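Residue-level listing of the chains:
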Amino acid sequence: MTCASCVGRVERALAAVPSVQAATVNLATERAEVRFAGAPDVGAAVGAVARAGYAVPEETTELAIKGMTCASCVGRVERALRGVPGVVDASVNLATERATVRHLTGVVTVGALQAAVSKAGYEASPIALEAAGAREDREREARARELRSLARATLLAAALTLPLFLLEMVGHLVPAVHHWVAGTIGMQGSWYLQFALATVVLFGPGLRFHRKGWPNLLRGAPDMNSLVAIGTGAAWAYSVVATFAPSLLPSQALAVYFEAAAVIVTLILLGRLLEARSKGRTSEAIKRLMGLQARTARIERDGEAIEVPVAEVRTRDTVLVRPGERVPVDGEVLDGHSYVDESMVTGEPVPVAKAEGARVVGGTVNKTGAFRFRATAVGADTVLAQIVKMVEAAQGSKLPIQALVDRVTMWFVPAVMAVAALTGLIWLVFGPDPALTFALVNAVAVLIIACPCAMGLATPTSIMVGTGRAAEMGVLFRKGEALQTLREAEVVALDKTGTLTRGRPELTDLIPAPGFGADEVLALVAAVEARSEHPVAEAIVEAAKARGLAIGEPEAFEAVAGYGVQAAVAGRRIAVGADRFMARLGIQVFPFAEEAARLADEGKTPLYAAVDGRLAAAIAVADPIRETTPAAIAALHALGLKVAMVTGDNRRTAEAIARQLGIDEVEAEVLPDGKVAVVERLKAGGTRKVAFVGDGINDAPALAAADVGLAIGTGTDIAIESADVVLMGGDLRGVPNAIALSQATIRNIRQNLFWAFAYNAALIPVAAGVLWPAFGILLSPILAAAAMGLSSVFVLSNALRLRGFAPPLAASRG
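Residues numbered from 1 in each chain as written. Predicted model: local features only at pLDDT ≥ 70, side-chain atom pairs only at ≥ 80, totals over all residues. Heavy atoms only, no water.

A. View of the pairing of strand E19 (residues 554–560). Sheet topology note: the E19/strand E20 (residues 564–569) ladder contains five bridges and is antiparallel. When the sheet's bridge partners are listed, Glu 558 is paired in E20 with Gln 566. Between E19 and E20, which pair antiparallel in sequence order, lie three residues; one of them, Gly 562, sits at a positive phi of approximately 80°. (Pairing = 2+ DSSP bridges. Helix = DSSP H or I, 4+ residues; strand = E, 2+ residues; numbered from the N terminus.)

What follows is the structure, encoded as structure tokens:
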């Protein structure tokens, strides 16, 4: 595929397959995503693409099959393999116990084939085990081959075109050169030489345009190659007639345009080469992500540590990681201690401490110590594989803004051909002598100046670069459409617990009364609370442990529902609870009146501790606001957005937190099943676009109901699956970063589309000769070819600027 009309043709061919429900094609990634009504008929889809004049790359994988005993086993394994989406055909040999699977390149993984065979009751293993990252290497090599081929074609065309250009153009500009050519080889000899050079250029390096362009034209589906083939072919054919059968043309129209045909081919090849180089850079984010995967892993087998390719690591294997090594797969630490750089997942540059029980992610870098861990996810199930899958899905998607482009490009090439024909006719009838020459030159200029390539690349390249840059920032767009929807958001609704806050209670304040020490009171209170299962009690105990305090054993423990708890610790009577519990015990709490008011203003509920009937301390346990939350909310305001908080807390507490953070709207005392209603209310009857940010299971319906849902990546799988955007960093900084990137990407797409449409709207009439009557200006086909190539390069270069996008809130460096 070379331009947007190719995209439309492939999409229509796929959509015509009876079992296909929908098909979307991406010019930048050169991929098609096909949704089938029933079982995928991959063969029919591949055939439809081939009949449309294109090819779907295939590859063959060989598997060793264990457990087969008869022909029915062969049939079962073949059916299982053919049922894997993307498999074109599979054949199994019972004698050799091998399966040969023909499947689409980059669509089917060895793991998927193994899983299908395993489900059928057999075992499969790749005969030539593909090393981790082999797909990345294969795609890089394919891209390199394309670049080498284009580079060779461009150099050969340039080498042959240069003497041709000097012979014709310099002869016109420098009379002495013209006289020298006429006096040595003669003008007819010069034309013969030009014919030879131009013919080699057109049907050597330029054959690719004719090989694709003419069949598509005959098929009734012309594309960019058709425009180039017709334009250069017409110039060459006219020149051949002028050279070898001059009597067929009027004497005043005798001229050759061999140099124009050759220069056009050379310039368009150069444009394609620059375009291919730029397109290769648009997917570098995926390459970098795949490059993060470790190639090998050290695992324990039969009591020995052996090094194996990462593809051979299985779940529950014990994996050893040394300092400086990449963690090969996801898992849970068994023993050892280290710090791991998880910036590739979270965007946070500060290494994270890992000890027994901690989770580690494949692709992250171990910094200092060594540890062993149990593999919990391998292959396509790892976090890194899921990230790559999400990014690829987002990069291959189409935004609503693309619908207009698709409608225009469907008719663009036929319309250009009609304009070129009309241009030729008008110049032939109304043009000055030699009318035939003017008609040919201007019609060819119209064909060559048109650039559907720029239109087709305008949107997908920006999406690819934007979503790739987002992944590097720890923002994953699960759906490409979210890029456009997020930019349109007017209100950001934030779940409080786990999103604005850390999601777990912590001891925030302990104010001792005169005569008591803070550590003394905390140790006594923690001893009592150790018997309680309340989250507040757990926070107090954790705080005591963090300070290294000795926690005694309580006696005569009693929990008074709705009031508090009491017990004896080391012969002292300890009571902990709300002010009403203290009043019930006859203990006055007015000495802490000022502190209680301050805590309430901060959205905290004070508790009190009494020792032997005396007021000992005021205590506050709260779910603390994340350190990054205030900056994130300020950044959202700077982007012009309203911020709403959704919480089940009482209104007074919620409004205290809202005042502290500068939140615009508060939805308090919301029950878990009421968040969807809140989202609908915030939408104000559909007049406002709402983005909802959450992390819990009870956030999933609200994430789905919002115009765009953003899940904190440290949240639950259900929340992440319901969201359109996943923030891997686990805090709110990703929200303004995602919105700012969305705005930058859509702005970039609009710039590209404006350039692509404005370029064609402005220059096609110029190429047709509208400036000739007033200014005597015509656009040379050679200049038209240069402009056409530059338009695609401009669009790609503009999209690549997104790689330098700077997020409003960069990750803290500690």
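Next comes the rest of the account.
B. Layout of the environment of Ile 299. Note on placement: Ile 299 falls in strand E7 (residues 296–301). Ile 299 gets classed as buried once you look at its relative accessible area, which sits at 0%. Through-space distance from the C-alpha of Ile 299 to that of Phe 373 is 9.6 Å; in sequence the pair is 74 residues apart. With near-sequence residues (within four places) excluded, Ile 299 lies in contact with Glu 304, Ala 305, Ile 306, Val 308, Val 313, Asp 317, Thr 318, Val 319 and Leu 320. (Buried < 20%, exposed > 50% of the residue type's maximum accessible area, 1.4 Å probe, protein only. Contact = heavy atoms within 4.5 Å.)

C. Spotlight on the UniProt feature "domain: HMA" (unreviewed entry) in the chain. Mapped onto this numbering, the UniProt entry gives "domain: HMA" (unreviewed entry) at residues 1–57 and 59–125. With 39% helix and 23% strand, residues 1–57 has its two end C-alpha atoms placed 13 Å apart. (UniProt positions renumbered as here; feature names shortened; annotations may be inferred.)

D. View of the packing of helix H16 (residues 452–472) against helix H30 (residues 781–800). At a minimum axis separation of 9 Å, H16 and H30 run at an interaxial angle of 15°. Classed by the angle they form, the pair H16 and H30 counts as roughly parallel. You can see that H16 and H30 cross each other, and the crossing is right-handed. When H16 is examined against H30, the residues Cys 453, Ala 454, Leu 457, Ala 458, Thr 461, Ser 462 and Val 465 are found in contact with a partner set consisting of Ser 791, Ser 792, Val 795, Leu 796, Ala 799 and Leu 800. A per-class count over the contact of H16 with H30 returns nine nonpolar, four polar and no charged. (Axes fitted to C-alpha atoms, helices over the stretch in contact; angles between N-to-C directions. Parallel < 35°, antiparallel > 145°, perpendicular 65-115°, else oblique. Left-handed = near helix turned anticlockwise from the far one by under 90°. Nonpolar A, V, L, I, M, F, W, Y, C, P; charged D, E, K, R; others polar.)

E. Spatial organisation of the sheet that holds strand E14 (residues 365–366). Read from one edge to the other, the open sheet built from three strands follows the order E12-E11-E14, with strand pairing classed as antiparallel. Two strands close off the open sheet at either side, each with one partner strand: strand E12 (352–354) and E14. For strand E11 (residues 338–341) and E14, the ladder comprises two bridges, and the chain directions are antiparallel. Looking at E14, one finds that Val 340 is bridged to Asn 366.

F. Region of interest: the packing of aromatic side chains. What the rule picks out here adds up to 13 aromatic pairs. Plain terms: the ring middles of Trp 755 and Phe 794 are 4.5 Å apart, the flat faces sit at 35° to each other, and that makes the pair tilted. Highlighted residues: Trp 755 in helix H28 (residues 734–768) and Phe 794 in helix H30, separated in sequence by 39 residues. When its relative accessible area of 30% is taken as the criterion, Trp 755 is described as partly exposed. (Phe/Tyr/Trp six-rings, centres within 6.5 Å; stacked < 30°, edge-to-face > 60°.)

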